[in-house]
Structure formats: structure tokens, C-alpha cells
Amino acid sequence: MRNQIYRSIVAATLGLGVFLAGAARAGTVETRTPFGRIEMVEEVRRRDPGEPPIMHVATEWTRLHLRWRSLDGVVALDVVDDGWRIKANIEVRIGQASCLSSADYLQYSGVAGEYDIAGEVRALIARLPTSGCAFFSREASAGYVRTLADGVHDFAVAEDGLRARAGDLFKRPPTRCLAPLPSPRPKKGQPEIFMALDPFELPPCRKVG
């Protein structure tokens, strides 16, 4: 069982998501650093003094992004490090059709020995035709995987820049949240135990070591 969580969101919901994202960024400052075709973005959001807090919704944050856009505008990749987790978001848009998919629990290359960023984002693009983006053909996804792979040097340099800035910004080791191990199956005759989780939170992280 893979330790990523994948989400596909139907195109009908995107309008509301874009509106909410725009509202949440009202007090956001972004600093951009290019690494060839990939851009590192430092995003700092501060809540206005008169802005009321919203339950279960963060109104202040600091995040680092690696952003890549295909030249034709079809595929958009955003890798986000918030100091706790690394997540990759992929959006595909062809005409009026669009879809989103994501992967959590990613790690910097050489850290924790699992699910490095570059390999996982290529795998995520390759899986799109079978994970909610039926309009996106296997041939098309393979082409974008090759395009991203051709820029592997830019990606490696950008990831090094991201890791260095994250160390300065978050003041913690580079290992990020590890996916929790699957719950052990109950023994024969024992009842299954279900744990209620906050719908706004992912399962807890697995400890390192």
C-alpha cells in the first residue's frame, strides 16, 4: 500500500475553490526565485487586524513552493513545503475540462528513504489518466513526464534551493511528516476499532526512526 493520499476534484467545484483561494490571499506577500524553468516562491500571509478568525481555517501562514508550468499551459505543478509536510498538487486544464490531483508525505531527496519529490511528481502526472483525469490521455501524460524529466537538472537545483531556504526559515531538520503505518487488523473474534479524525486534518505523522 502506497503512503500517498491522492485526491481528484471534479471541474464543477473549481470555481468556488479559486474564489476562496483568492480571498485567503488578500494579505499575502510572495518572493520569487527562478531556477531555470522552475520557480521557488516564498509565500507569507498575515491576517489583517480587523479580519475575524475562521474556525478550522488557517488565516496566517508561511509556505515555500516549487512551481512548474508546461509551456502550453496544460499542466501546472506546485510543490508545497510548510515546514511540516511536503505536498505536490497537479492541475490539468484542456479547454473547459480541468482536474486536480495531489500527493502527500513527500520527502527531500536522500531524506527518510522514501517518496522523493522529483520521482513522485513524475509518477503523479503519469497516473492522472486513471485517477480522475479521463480526458487526459496516457500519451499526453507520458509526454509531460518526459518534459519534466528533461528538466531534471533545473528540478534538482530548485529542490536544493528549497531545502536550504526551508532550513533557514523553519529552523528544523529536513525530514518531513512521514505517512502513518496502516492500522493492524484485529484478531479473529475481536471488534474493529474506528478512530474519528478531524475532517480538516490528515492522519497523524509517523515518527522518524
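Note on numbering: residues in each chain are counted from 1, in written sequence order. A pLDDT threshold of at least 70 governs which residues receive local features in this predicted model, and a stricter bar of 80 or more applies before side-chain atom pairs are shown or counted, although totals over entire chains, interfaces and linings include all residues. The side-chain values count all of the structure's non-hydrogen atoms but skip hydrogen atoms and water molecules.

A. Here's a closer look at the nonpolar core. Put simply, buried Ala, Val, Leu, Ile, Met, Phe, Trp, Tyr and Cys residues joined by side-chain atoms within 4.5 Å make one nonpolar core. Type-normalised accessible area, obtained with a 1.4 Å probe on protein chains alone, sets the label of each residue: buried when under 20%, exposed when over 50%, and partly exposed for intermediate values. Core analysis: the largest hydrophobic core is formed by 35 residues, its most contacted members being Val75 and Leu77. If you list the elements that add at least two residues to this core, you get β2 (38-45), β3 (61-69), β4 (75-81), β5 (86-94), β6 (97-103), α2 (117-127), α3 (138-150) and α4 (152-170). Sequence-distant contacts of Leu77, defined by excluding residues within four places in its chain, comprise Leu66, Arg67, Trp68, Arg69, Ala88, Asn89, Ile90, Val121, Leu148 and Phe155. A run of DSSP states H or I qualifies as a helix once it reaches four residues; a run of E qualifies as a strand once it reaches two. Both are numbered from the N-terminal end. Note on contacts: a residue pair is in contact if any heavy atoms of the two residues lie within 4.5 Å.

B. Representation of the packing of α2 against α3. Following both chains from N to C, one finds α2 and α3 inclined at 165°, their axes separated by 8 Å at the closest point. Between α2 and α3, the crossing angle belongs to the class labelled roughly antiparallel. Along this stretch, α2 crosses α3, giving a crossing that reads as right-handed. Across the interface between the two elements, Val121, Arg122, Ile125 and Ala126 of α2 pack against Ser141, Tyr144, Val145, Leu148 and Ala149 of α3. In the contact of α2 with α3, the residues fall into 7 nonpolar, 1 polar and 1 charged. In this analysis, axes come from line fits to C-alpha atoms, helices being fitted only over the stretch in contact, and the angle between any two N-to-C directions falls in the range 0 to 180 degrees. Roughly parallel here means an angle under 35 degrees, roughly antiparallel means over 145, roughly perpendicular means 65 to 115, and every remaining angle is called oblique. The sense of a crossing depends on the near helix, which, turned anticlockwise from the far helix by less than a right angle, makes the crossing left-handed and, turned clockwise, makes it right-handed. Residues are grouped as follows: nonpolar covers Ala, Val, Leu, Ile, Met, Phe, Trp, Tyr, Cys and Pro; charged covers Asp, Glu, Lys and Arg; every other residue, Gly included, is treated as polar.

C. Representation of the pattern of salt bridges within the structure. When a carboxyl oxygen of Asp or Glu lies within 4 Å of a side-chain nitrogen of Lys or Arg, that pair is called a salt bridge. If you walk through the whole model with that rule in mind, you get 8 salt bridges. Across the pair Glu39 and Arg32 runs a salt bridge, and its minimum N-O distance is 2.9 Å. For Glu39, a relative accessible area of 25% gives the class partly exposed. Asp78 serves as the salt-bridge partner of Arg67, at 3.6 Å between the closest nitrogen and oxygen. Of this pair, Arg67 sits in strand β3 while Asp78 sits in strand β4, and the two are 11 residues apart along the sequence. With relative accessibility at 14%, the residue Asp78 sits in the buried group. Put simply, Glu30, Arg32, Glu39, Arg67 and Asp78 are held in one network by salt bridges that share partners.

D. Region of interest: the environment of Val74. Of note, Val74 is situated in the loop between β3 and β4. Along the sequence, Val74 and Gly95 sit 21 residues apart, while their C-alpha atoms lie 9.0 Å from each other. Ignoring any residue separated from it by four or fewer positions in sequence, one finds Val74 in contact with Glu91, Val92, Arg93, Ile94, Phe136 and Tyr144.

E. Expanded view of the pairing of β4. Burial of β4 is extensive: 7 of the 7 residues sit out of reach of the surface. Alternating residues of β4 divide into Val75, Leu77, Val79 and Asp81 and Ala76, Asp78 and Val80, and every residue in both groups is buried. As paired elements, β3 and β4 share 6 bridges and run antiparallel to each other. The partner of Trp68 across the bridge, within β4, is Leu77. Paired strands are those between which DSSP finds at least two bridges. The hairpin formed by β3 and β4 contains 5 residues between the paired strands, and Gly73 there has a positive phi angle of roughly 80°. As paired strands, β4 and β5 are joined by 7 bridges and run antiparallel to one another. By the bridge assignment for β5, Ala76 is matched with Glu91. What sits between the antiparallel neighbours β4 and β5 is a turn of 4 residues, in which Gly83 has the positive phi angle 90°.

F. Main features of α4. Given a helix with a known number of residues, its expected span is that number minus one, times 1.5 Å. For α4, built from 19 residues, the straight-helix expectation of 27 Å at 1.5 Å per residue is met to within 8% by its first-to-last C-alpha distance of 26 Å. When α4 is considered as a whole, its buried residues turn out to be Phe155, Ala158, Glu159, Gly161, Leu162, Ala166 and Phe170. Along the axis of α4, the buried positions cluster into a sector of 165°, meaning they face one direction only. Here the buried face of α4 lies against β1 (28-35), β2, β3, β4, α2 and α3. A positive phi of about 55° marks Lys171, the residue just after α4. The directions from the helix axis to the C-beta atoms are what the arc is built from.

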